[in-house]
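One letter stands for each residue in the lines below.
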Amino acid sequence: MKIGLLVGSLRKESYNKKIAEIAKKVINEGNEAEIIDISYLPFYNQDDDGAKPREEYTRIRQELKKYDGYIFFTPEYNRSLAPTLKNVIDIGSRDPNGNLWDGKVAAVFSAAMGPSGGMKGNFALRENFVYINLITMNQPEVYISAVHTLFDDDGNLVEDTKNFVENSTRAFVDFAKKHL
């Protein structure tokens, strides 16, 4: 099984990317996971698609086709999801051969510096999944609040939170196996 990891924060020291790296290690224990680079994508514009789509659209669509499922890692931006994730969802849903997300499995992990752990961003992202027909893991819910306080001086996630991320990732792998 191959799982694509999509990180909404493009910041070099993104907390969500650090969480994704932990999930990647867990998935790679018996399956395959990669973080999918979405940093190069321009905002979706239907005028740049169609018979001769932008090279970036073609490139990400080819990449997305490689995966059986996805974990999305989102911060909360102004009480919503990261626009980079909405953008890749839109591009993938408009592939010339149809919606690339249709019937695949997904989960949302959110981490934010605020007290809700990115809950609103997490919910906003899940709303998109209904329309594009991603089969979403509902439990465990993954919200990591005050994420900036959960790393030690060496950049390692504190043990309790690391265990939570690892166990949540294992739950997703089990979920994916049931639904694929």
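Residues numbered from 1 in each chain as written. Predicted model: local features only at pLDDT ≥ 70, side-chain atom pairs only at ≥ 80, totals over all residues. Heavy atoms only, no water.

1. Quick look at the environment of Lys104
Within the secondary structure, Lys104 sits in the loop between α3 (83-93) and β4 (105-111). Counting along the chain gives 37 residues from Lys104 to Tyr67, while the straight-line C-alpha distance between them is 8.6 Å. When sequence neighbours within four positions are dropped, the list of residues in contact with Lys104 reads Leu64, Lys65, Tyr67, Asp68, Tyr70, Asn133, Leu134 and Ile135. A distance of 2.7 Å separates a polar atom in the side chain of Lys104 from the backbone oxygen of Tyr67. (Helix = DSSP H or I, 4+ residues; strand = E, 2+ residues; numbered from the N terminus. Contact = heavy atoms within 4.5 Å. Polar contact = N/O pair within 3.5 Å; in protein donor to acceptor, adjacent residues only side chain to side chain.)

2. As for the pattern of salt bridges
Per the stated rule, a full pass over the model turns up 11 salt bridges. One salt bridge connects Glu29 with Arg170, and the closest N-O pair in it is separated by 3.8 Å. Here Arg170 lies in helix α5 (residues 159-179) and Glu29 lies in the loop between α1 (15-27) and β2 (32-36), a separation of 141 residues in the sequence. Accessibility expressed as a relative area gives 33% for Arg170, which makes it partly exposed. Each of the salt bridges in this network shares a partner with another, and the network as a whole consists of Lys2, Glu32 and Glu34. (Salt bridge = Lys/Arg side-chain N within 4 Å of Asp/Glu carboxyl O. Buried < 20%, exposed > 50% of the residue type's maximum accessible area, 1.4 Å probe, protein only.)

3. Quick notes on the packing of helix α2 (residues 55-64) against α3
Contact pair α2 / α3: the axes reach a minimum separation of 9 Å and the direction vectors enclose 85 degrees. Here α2 is positioned roughly perpendicular relative to α3, judged by the angle of their axes. Mapping the contact onto sequence places Tyr57, Ile60, Arg61 and Leu64 in α2 and Val88, Ile91 and Gly92 in α3. Residues that form the contact of α2 with α3 fall into these classes: five nonpolar, one polar and one charged. (Axes fitted to C-alpha atoms, helices over the stretch in contact; angles between N-to-C directions. Parallel < 35°, antiparallel > 145°, perpendicular 65-115°, else oblique. Nonpolar A, V, L, I, M, F, W, Y, C, P; charged D, E, K, R; others polar.)

4. Re α5
In this model, α5 (21 residues) spans 30 Å end to end at C-alpha, consistent with the 30 Å of a helix rising 1.5 Å per residue. Along α5, the positions that sit buried rather than exposed are Thr161, Val165, Glu166, Ser168, Thr169, Phe172, Val173, Phe175 and Ala176. (Expected span 1.5 Å × (residues − 1).)

5. Brief notes about the layout of surface pockets
It is the rolling of a water-molecule-sized probe over the atoms that shows where space remains empty. By volume, the largest pocket amounts to about 260 Å³. Lining of the largest pocket is provided by 13 residues; of these, Ile22, Lys25, Asn156, Leu157 and Lys162 occupy positions nearest its centre. Those elements that place two or more of their residues in the lining of the largest pocket are α1 and α5. Residue contributions to the lining of the largest pocket peak at five residues, all from α1. Classifying every residue of the lining of the largest pocket gives four nonpolar, two polar and seven charged. Size it by volume and the second largest pocket reaches roughly 160 Å³. Lining the second largest pocket, in full, are Val7, Ser9, Leu10, Arg11, Lys12, Lys17, Ile35, Ile36, Asp37, Ile38 and Ser39. Of the residues belonging to the lining of the second largest pocket, the class tally is five nonpolar, two polar and four charged. (1 Å grid on protein atoms, 1.4 Å probe; cavity = no way out; pocket = protein on both sides within 12 Å on 5 of 7 lines; lining within 4 Å. Points joined across faces, edges and corners; volume = space filled by probe spheres on them.)

Interpretation in functional terms is not warranted from these geometric data alone.
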